[in-house]
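Examining the three-dimensional arrangement
Below, each chain spelled out in residue letters.
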Amino acid sequence: MDIFEQTENLQKEVQETVITDAEALEKFRIRFLGSKNILKDIFGEIKNVPNERKKEFGQLVNKVKQTAEEKFAALQEQFQQQNTTAETIDLTLPGDVTNLGARHPIQVVKNQIVDIFKRLGFAVQEDREIEDDWHNFTALNMPEDHPARDMQDTFFINVNPDIVLRTHTSSVQVRTMENQKPPIRILSPGRVYRNETISARSHCFFHQVEGLYIDENVSFADLLQTLDFFVKELFGKDTKIKLRPSYFPFTEPSAEVDVTCFICGGSGCTVCKQSGWVEILGCGMVDPKVLENCQIDTKKYAGFAFGMGVERITMLKYQIKDIRLLSENDTRFLEQFKSAR
Ligand code: DAH
C-alpha cells in the first residue's frame, strides 16, 4: 500500500469512526490531533514522495487533519451540551422546600373567639387605635380626675392631651352606640396600648376582644348564659365558670370571670397556681350612665359587656411563659403554631 493509499484510508477512518462518548473522543483526539499524532508520522514520509506529487500529498494530509479537527470540535461541543443539560435537570434531586408561613398564635386564638361569638349573632366591629378622651374614658363613666383612670397607664400625645392610644377596646362600644340604634350585638377585637414596663407578664401593647349586647329585656342571666357557652366552646365542654364581684366604671354590677383550669381540670397545677381556676375576662351590665352618654333610652334598653385579653388566653392555652415571645417574631417560636387553627 503506497503512502497515498494509507492517507486515503486514514481519511476514511476519520470520517467513519463512530464516537459515542467522551472517552472515545479523547482516543480519537490523541490519534489524529495529539502531539504525537499519526498524521505527523505520515507527513514525515513526504521525503519519499516524488517532487511533482509532494504538493498533492501535502494537501491530502492536510485534508485529513482538517476533517479530524472539524469532527473533534463538533463532537466536543455536542458532549459538553449533553453534560450541562444533564447537570441542570437532575431528576433525582430533592425539590426546593417552600417555607409556608403560619398564622400567628394571637390571630389563631382571636379567630377562635370571634367564630364562637359569631354563632351567637355577634358581628365584628373594629375601630381606631388612636382615640380621643371621650371615647376611651369620659363616655365610659371615667371623667377627668376619676381614680379609675389610674387602672390603665395611658400613653398621651404631648401636643394634645385629648388624644390617647386606646387603653382598651371598650372605646368601640361607645363609637358603636353613638352610631347604631339597638339592638346592638358586636364583638370588637383589636390592639390596645398601656404605658407599662415590658416584662415576661406585661407589655406596652396587646390585644383585647370586647363584646357588647344592647336590647330590650337583657339581663344578667343572658350574660351568664353567653359566657358559659363561650368558655365551653373555647376550652372544652366540661369547663365551668365562676364570677367574682369586681369593679369597672362602665358596668354595674361588674364581675371578673374565672374558668376551671383547662390544663389540670381543676385539681391544681402551676398554670392555675394550684387554685384550680384561671381568670380570663371582665364583664358586667352596662352602666346606665354609659348608655345615656350615647343617647340610648335606659327605660327601654339595657345591655351587658365583656372584655378579655387575647395574649392572656393564648398564653394559658399554649402555656407560653413570656408575653414578649408573642411580639418578637422569632420564627423558631412561630413555627411551632403551624398546625394551630
Ligand atoms: N376594658 C376592661 C379592661 O381593659 C375590660 C372590660 C371589663 C371590658 C369589663 C368590658 C367589661 O366590657 O364589661 O380592663
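Quick note: structure is the one above.
Since the model is a prediction, treat every value here as computed from it, not as a measurement. (Residues numbered from 1 in each chain as written. Predicted model: local features only at pLDDT ≥ 70, side-chain atom pairs only at ≥ 80, totals over all residues. Heavy atoms only, no water.)

1. Some points on the site of the ligand
Note the threshold: Near residues are defined by distance, with any heavy atom within 4 Å of the molecule or strand qualifying the residue. Polar contact is defined as a pair of N or O atoms within 3.5 Å, subject to the rule that within protein one atom must be able to donate a hydrogen and the other to accept it, and that residues adjacent in sequence are counted only when both atoms are side-chain atoms. The accessible surface values rely on the Shrake-Rupley method and a 1.4 Å probe; as for residues, cover is taken only from the protein chains in view. Think of it this way: any DSSP run of H or I at least four residues long counts as a helix, any run of E at least two long counts as a strand, and we number them from the N terminus. Residues were grouped as follows: Ala, Val, Leu, Ile, Met, Phe, Trp, Tyr, Cys and Pro as nonpolar; Asp, Glu, Lys and Arg as charged; and all remaining residues, including Gly, as polar.
As a matter of local geometry, the ligand sits amid 16 residues, with His-168, Ser-170, Arg-194, Gln-208 and Glu-210 nearest to it. One of the side-chain N or O atoms of Gln-173 is found 3.3 Å from an oxygen atom in the ligand. Between Glu-210 and the ligand, the recorded distance is 2.5 Å, taken from a side-chain N or O atom to an oxygen atom. If the ligand stood free it would expose 350 Å²; the protein chains cover 91% of that surface. Where the shell around the ligand is concerned, the elements lending two or more residues are helix 7 (170-179), strand 6 (205-215), strand 9 (277-286) and strand 10 (302-309). Its residues assigned to classes, the shell around the ligand comprises five nonpolar, nine polar and two charged.

2. Some details on the packing of aromatic side chains
For the record, the criterion: Only Phe, Tyr and Trp rings are paired, with Trp represented by its six-membered ring, and only when their centres lie within 6.5 Å; those with planes under 30 degrees apart are stacked, over 60 edge-to-face, the remainder tilted. Burial classification: accessible surface area is computed with a 1.4 Å probe over protein chains only, and a residue below 20% of its type maximum counts as buried, one above 50% as exposed, and the rest as partly exposed. Charge-over-ring placement is defined geometrically: NZ (Lys) or CZ (Arg) within 6 Å of the ring centre, and within 35 degrees of the ring normal.
Here the structure, examined in full by the defined rule, presents 14 aromatic pairs. Note on Phe-248 and Phe-250: the rings are 5.9 Å apart at their centroids and 25 degrees apart in plane angle, and the pair reads as stacked. Both residues of the pair, Phe-248 and Phe-250, belong to the buried class. By the ring-pair criterion, three or more aromatic residues cluster together here, those being Phe-117, Phe-122, Tyr-213, Phe-230, Phe-304 and Phe-306. Residue placement shows Arg-53 over the ring face of Phe-4; its charged tip is 3.7 Å from the ring centre. Over the face of the ring belonging to Phe-205 we find Arg-191, whose NZ or CZ atom lies 4.7 Å from the ring centre.

3. Observations concerning the side chain of Asn-37
Condition: Should any heavy atoms of two residues lie within 4.5 Å, those residues are considered in contact.
Tracing the backbone through its elements, the reader meets Asn-37 in the loop between helix 2 (22-32) and helix 3 (38-44). For Asn-37, the side chain forms a polar contact with the main-chain oxygen of Gly-34, separated by 2.8 Å. Beyond its immediate chain neighbours, meaning those up to four positions away, Asn-37 contacts Ile-30, Arg-31 and Phe-32.

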